[in-house]
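Reading the structure
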Amino acid sequence: MTNDPRVDDYLARLRKALTGMSLSEREDIVEEIRMHIRERAGDSPSSIGEVLAGLGPAAELAEQYRTGLLLQKARRSVSPLLILRAAMRWALTGVEGMVVFLVAIVGYLTGVAFLLLALLKPLFPQRTGLWVGPGAFEFTVRMGALPVSTPALHEVLGWWFMPVCAVLGSFALIGTTKLIQILMRRFRWRTPLAQAMLASGTLAAGWGSLT
Amino acid sequence: MAKQVPIPVEADSSEKWEAQMRKGCLEMAVLSSLWHGRLYGLEILRALERDSQLILSEGTIYPILNRLRAEGLLTSQWVEAEAGHPRKYYDLTPSGRERATRMAEMWTEFSAGLGSLIEPVLKAARKSSRDNGRSRKELLL
């Protein structure tokens with residue numbers, strides 16, 4: 001029965017691992033799992049171990065809950081931090097997640113880099129800007145302690161560099177957010193079922209309805 | 001004696017493919033299991049096992065139900081059961097029904113299209129297995 005200390009211990013570990021959600025949400029999940037154990041175990045205390053093994057480790061179960069809800073929130077959110085966290089967790093589950101994570105990293109880093117340049121221009125006006133060289137299209141953004149007195153290059157944009165960088169940075173951030181949301185909807189979130197099924201050995205079972 | 005060479009890569013990739021296929025169908029299977037009315041987690045697991053041979057680890061179903069509920073495809077309600085303890089029942093929302101319908105249509109179209117493509121493969125496989133059976137019989141005679 002659920003008075004078994006192994007059940008209490010399992011539920012305590014599950015509760016502890018269910019971070020990032022409201023208290024009522026957490027208790028609702030714990031209660032549902034408690035009832036599942038109770039119903040599955042019936043009156044035979046010897047089967048408690050099997051029921052808990054069927055549920056998998058508490059930390060992994062909590063991870064599945066958290067990942068699903070995080071991505072759900074990220075689909076609706078415009079917060080780059082939330083989207084990055086969701087993409088990072090998604091990246092651990094497969095190629096699709098990895099692609100989304102890389103897109104997020106490249107997009108947000110580009111956006112942040114442009115915004116930083118816009119902020120650095122008034123601080124280091126001689127070193128921050130867009131320089132164009134003769135011949136082939138050649139440009140350099142020089143910052144920090146680098147020498148800027150190469151005669152073959154001349155600066156273009158001038159103080160327009162700031163708004164241009166601010167606009168490009170904002171476009172990169174907004175564009176990345178929109179793109180990630182489209183990818184999330186397109187790929188759909190998939191729970192790490194493959195691992196769960198492999199762990200429970202159910203891959204050996206047939207899929208008769210397909211044939 | 002010929003030495004047996006294991007082929008782990010091939011076996012592994014076909015297992016992965018099967019897992020991916022099942023994974024892709026899981027949401028449709030869960031939504032479809034609720035088509036006739038509300039069920040609680042364990043009943044959904046049993047329905048999937050009984051009607052589709054889709055056997056899941058028990059810990060897999062609850063996070064999926066939770067996510068589908070968060071997406072607005074399912075509703076949930078605690079109901080005091082005769083068993084003496086409450087059960088959390090799940091039911092399809094109108095958008096859940098719509099999603100299940102769309103998925104079922106897409107699945108039917110997809111499998112019908114693929115069916116004609118794989119028909120020669122299956123025919124050849126059946127023929128080969130028949131020929132092998134016949135050869136074994138001849139050897140035994």
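Residues numbered from 1 in each chain as written. Chains lettered and ligands numbered in written order. Predicted model: local features only at pLDDT ≥ 70, side-chain atom pairs only at ≥ 80, totals over all residues.

Moving on: the nonpolar core. Counting residues in hydrophobic clusters, the biggest one holds 48 residues, and the most contacted among them are Leu-14, Ala-86 and Ala-87 of chain A together with Val-30, Ile-61 and Leu-65 of chain B. No other element matches helix α4 (residues 58-76) of chain A, which puts eight residues into this core. Each of domain 1 (1-56) and domain 2 (78-192) of chain A contributes no fewer than three residues to this core. Those residues in contact with Leu-14 of chain A that sit more than four places away from it in its chain are Val-30, Ile-33, Ala-58, Leu-61 and Ala-62 of chain A. In terms of nonpolar packing, the next biggest core, distinct from the first, is built from six residues, Phe-114, Leu-117, Phe-161 and Ala-172 of chain A among them. (Core = buried A, V, L, I, M, F, W, Y, C linked by C-beta atoms within 7 Å. Buried ≥ 20, exposed ≤ 12 C-beta atoms within 10 Å, placed from the backbone. Helix = DSSP H or I, 4+ residues; strand = E, 2+ residues; numbered from the N terminus. Domains from an automatic or database assignment. Contact = placed C-beta atoms within 7 Å.)

This part is about helix α3 (residues 58-70) of chain B. For the α-helix, the turn length of 3.6 residues means that residues three or four positions removed from each other point alike. All names here are of chain B. The buried count for α3 comes to 11 of 13 residues, which makes it a mostly enclosed element. Of all the positions in α3, only Glu-58, Gly-59, Thr-60, Ile-61, Tyr-62, Pro-63, Ile-64, Leu-65, Asn-66, Arg-67 and Leu-68 are classed as buried. Gly-72 sits one or two positions beyond α3 and adopts a positive phi of about 85°.

Residue and element names in this part refer to chain A. Running from N to C, helix α2 (residues 23-41) and helix α3 (residues 48-55) cross one another at 135°; their axes reach a closest spacing of 9 Å. What the angle tells us is that α2 and α3 run oblique. In the packing of α2 onto α3, the handedness of the crossing is right-handed. Along the contact surface, α2 presents Ile-33, Ile-37, Arg-40 and Ala-41, while α3 presents Ile-48, Val-51 and Leu-55. (Axes fitted to C-alpha atoms, helices over the stretch in contact; angles between N-to-C directions. Parallel < 35°, antiparallel > 145°, perpendicular 65-115°, else oblique. Left-handed = near helix turned anticlockwise from the far one by under 90°.)

The subject of this paragraph is the sheet that holds strand β1 (residues 39-40) of chain B. Residue and element names in this part refer to chain B. Strand order in the open sheet formed by three strands is β1-β3-β2, with antiparallel pairing between adjacent strands. Lying at the two open borders of the sheet, with one neighbouring strand each, are β1 and β2 (74-80). Both β2 and strand β3 (residues 86-92) contribute to a ladder of seven bridges, which runs antiparallel. The residue bridging Val-79 from the neighbouring strand is Arg-87, located in β3. Sitting on the sheet, α3 is in contact with β2 and β3, with an inclination near 120° to β2. (Pairing = 2+ DSSP bridges.)

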